[in-house]
Amino acid sequence: MQRRFLIAAALSAFAAAAPAVHAQAGADTWPTRPVRILVGFPGGSTPDIAVRIVAEPLAKALGQPVVVENRAGASGNIAADQVAKARDDHTLGAVINGNLTSAKMLNPKLSFDPTKDFSHLSLLATAPLVLVAPADKPAGAAFFAAARAGGDRWSYGSVGVGSVGHLGMELLKTRVDGLAPVHIPFKGNPEVITSLIQGDIQLSLVPPGVAMPQVRAGKLRAVGVTTGHSALVPEVPSLADAGVRDFVLEVWTALVGPANLSQAARDRLAEVLPRTVQSAEVRQKLFDQGWQAVGSTPAGMKARVEQEAESMRRIISAQGIRLE
């Protein structure tokens, strides 16, 4: 009787452990072919740079090539839609804040649902934004005095409606009385920078990796950074130094998969992505390009998305923002 009891107990313990063993075995078999990462912005854009830094070490960790493909347009939503509809279990996407937090609020007819159509994988990197202007504009509080005087004759650029640069500037308008520049959307930050240098637009909120080479070359002026003083741009004052209060903003790049991404893929990526992004080599390369490495868990990314979605909802509602 005792022998039968011991055998039954052993079988019960094996059955309880089997799902975990099976999940690990599944994770070990993914990927079975090259992995694609679709980026919704042009080559050389900040999300593109961040993903390409991560791609090579990620490929080594996964044991399969990681191919980055640019599918620019619609503020990153074209690529996001293609990822949401992917069925090959080897297509992932690099997204920015707006794709997951505000896109559906701005366009209820959007072809994908950010809350249902993606699996959160990892927040790769974050960065403050730098408020930049043509080099001939004044600095600090004097800049905002000039901007107020410019009214709606001034314009600002962003990478599209619903992007962090767009919603951030609309939030900035609520923090600076009389600030009223008109929004002009562009395909990507390189075009924004060109228009700033040419003086076609007067201000923009852009990531430091895009802004600082032109600032250091004397082609643009950095008015302030959106997160207080930052190690990424230690020479740039905070916007609070110019009199702007209660204004904190970051841009981020994250990795997602379609909602139907296999559990084996999710488990494997949850294991290797944080370790890859947080490695000393990747952290330094991201820092050199104006990014702070994160490498979050899926749960950490989900919490960040939910928190920011609520903040963006308030901005969109208060400012009455709609697709242009």
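From a predicted model like this one, the values you see are computed outputs, not experimental measurements.

Asker: How should the pattern of salt bridges be read in this particular structure?
Answerer: Oppositely charged side chains can pair when the atoms bearing their charge come close. By the definition in use, this model includes 12 salt bridges. With its nearest N and O atoms 2.4 Å apart, the salt bridge here joins K85 to D81. For K85, a relative accessible area of 45% translates into the label partly exposed. By relative accessible area, D81 is classed as buried at 15%. Its salt-bridge partner being E310, residue R314 comes within 3.5 Å of it at the nearest N-O pair. Here R314 pairs with E310, and both are found in helix α12 (residues 298–319), just four residues apart, close to one helical turn. We classify R314 as partly exposed; its relative accessible area is 46%. Here the salt bridges do not stand alone but share partners, grouping R36, E69 and R71 into one network.

Asker: Got a minute to help me understand the packing of aromatic side chains in this structure?
Answerer: The geometry of an aromatic ring pair comes down to the distance between the two centres and the angle between the two planes. Applying the stated criterion across every chain yields a total of three aromatic pairs. Relative to F118, the ring of F112 lies with its centre 5.5 Å away and its plane at 75 degrees, an arrangement referred to as edge-to-face. There is no split in this pair, since F112 and F118 are both buried. Measuring from centroid to centroid gives 5.7 Å for F143 and W154, while their planes differ by 55 degrees, and the two rings are tilted.

Criteria and cut-off values
- Residues numbered from 1 in each chain as written.
- Predicted model: local features only at pLDDT ≥ 70, side-chain atom pairs only at ≥ 80, totals over all residues.
- Heavy atoms only, no water.
- Salt bridge = Lys/Arg side-chain N within 4 Å of Asp/Glu carboxyl O.
- Buried < 20%, exposed > 50% of the residue type's maximum accessible area, 1.4 Å probe, protein only.
- Helix = DSSP H or I, 4+ residues; strand = E, 2+ residues; numbered from the N terminus.
- Phe/Tyr/Trp six-rings, centres within 6.5 Å; stacked < 30°, edge-to-face > 60°.

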